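Below are the chains, spelled out letter by letter.
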Amino acid sequence: MKTSGSAVWSGGIKDGSGAISTVSGALQGAPYGFASRFEDKPGTNPEELIGAAHAGCFTMALSLILGEAGLTAEKMETKADVTLDKVGDGYAITSIHLTLQAKIPGADKAKFEELANKAKVGCPVSKVLNTNITLTASLV
């Protein structure tokens, strides 16, 4: 599997603007800029997109791992909180916290937590990120 995303940018760091797109068309010219990244203004930003990618990857990986254990989720909802901090002369993603709420018939708490942690470590997006990844997993 191979895919791509793209970005265009015009102007300086604070007064410039850009747009992010994906080859699938899921994002087509989604606006981003300094204000949407650092000042809570409308638009997307790379960290938000990493959070969505990580939540999606982790949840899908957990679905696979659950199936291997003979379990099927009725519903799983994952949120990835991405923290961007000033580090030295630049910025870095210093942590990502995954919060999962899952309804999995027949799952016990201990097995569920074991499988969720396996997915946290094993999903491809977790593997590519060089940051502290934590998880809170709850059965509902």
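Everything here concerns the structure above.
First, a word on scope: everything that follows refers to the structure included in this document. Along each chain, numbering runs from 1 in the same order as the chain's sequence is written. In view of the model being predicted, local features appear only for residues whose pLDDT reaches at least 70, and side-chain atom pairs are presented and counted only at 80 or more, with totals across whole chains, interfaces and linings using the full set of residues. The side-chain numbers reported here are obtained from all heavy atoms of the structure, hydrogens and water having been left aside.

1. Digging into the overall build of the chain
Alright, step 1. If you tally the helices and strands in the chain, you get 4 helices and 6 strands.
Alright, step 2. Labels follow the DSSP assignment, with helices taken as runs of H or I lasting at least four residues and strands as runs of E lasting at least two, numbered in each case from the N terminus. When the helices and strands of the chain are listed from N to C terminus, the series reads β-β-β-α-α-β-β-α-α-β.
Alright, step 3. Taken over the C-alpha atoms alone, the chain extends approximately 55 × 35 × 25 Å along its principal axes.
Alright, step 4. In this scheme, a residue with accessible area under 20% of its type's maximum is buried, one over 50% is exposed, and one in between is partly exposed, where area comes from a 1.4 Å probe on protein chains only. Within the chain, the fraction of its 140 residues that count as buried is 32%.
Alright, step 5. Using the Shrake-Rupley algorithm and a 1.4 Å probe, accessible areas are obtained, with residue cover drawn only from the displayed protein chains. As presented, the chain carries roughly 8,600 Å² of accessible surface, and 54% of it is formed by carbon and sulfur atoms.
Alright, step 6. For the purpose of counting charges, residues Lys and Arg are taken to be positive, whereas Asp and Glu are taken to be negative. His and the chain ends are not included. One atom stands in for each charge, and that atom is NZ of Lys, CZ of Arg, CG of Asp or CD of Glu. Separation of charge centres in the chain, based on 13 positive and 14 negative side chains, amounts to 3 Å.

2. So, the side chain of threonine 78
Alright, step 1. Following the sequence through the fold, threonine 78 ends up in strand 4 (residues 75–87).
Alright, step 2. Whenever two N or O atoms come within 3.5 Å, that pair is a polar contact, provided that in protein one can donate a hydrogen and the other can accept it, and provided that, for residues adjacent in sequence, both atoms are side-chain atoms. A distance of 2.6 Å separates the side chain of threonine 78 from the side chain of threonine 59, its partner in a polar contact.
Alright, step 3. Should any heavy atoms of two residues lie within 4.5 Å, those residues are counted as being in contact. If sequence neighbours within four positions are ignored, threonine 78 has contacts with Ala55, Phe58, Thr59, Leu98, Thr99 and Leu100.

3. Details of the packing of aromatic side chains
Alright, step 1. Between rings of Phe, Tyr and Trp, where Trp is taken as its six-membered ring, a pair exists when centres lie within 6.5 Å; planes separated by under 30 degrees are stacked, by over 60 edge-to-face, and by other angles tilted. Evaluation of the coordinates by the stated rule reveals 3 aromatic pairs.
Alright, step 2. Note on phenylalanine 34 and phenylalanine 38: the rings are 4.9 Å apart at their centroids and 45° apart in plane angle, and the pair reads as tilted. With phenylalanine 34 and phenylalanine 38 both in helix 1 (residues 34–38) and 4 residues apart, the pair spans about one turn of that helix.
Alright, step 3. With a centroid separation of 5.1 Å and 45° between ring planes, the pair formed by phenylalanine 38 and tyrosine 91 is classed as tilted. Note that phenylalanine 38 is positioned in helix 1 and tyrosine 91 in strand 5 (residues 90–103), a separation of 53 residues in sequence.
Alright, step 4. Each residue in the set Phe34, Phe38 and Tyr91 is aromatic and connected to the rest through ring pairs, giving one cluster.

In short, geometric facts, not functional conclusions.
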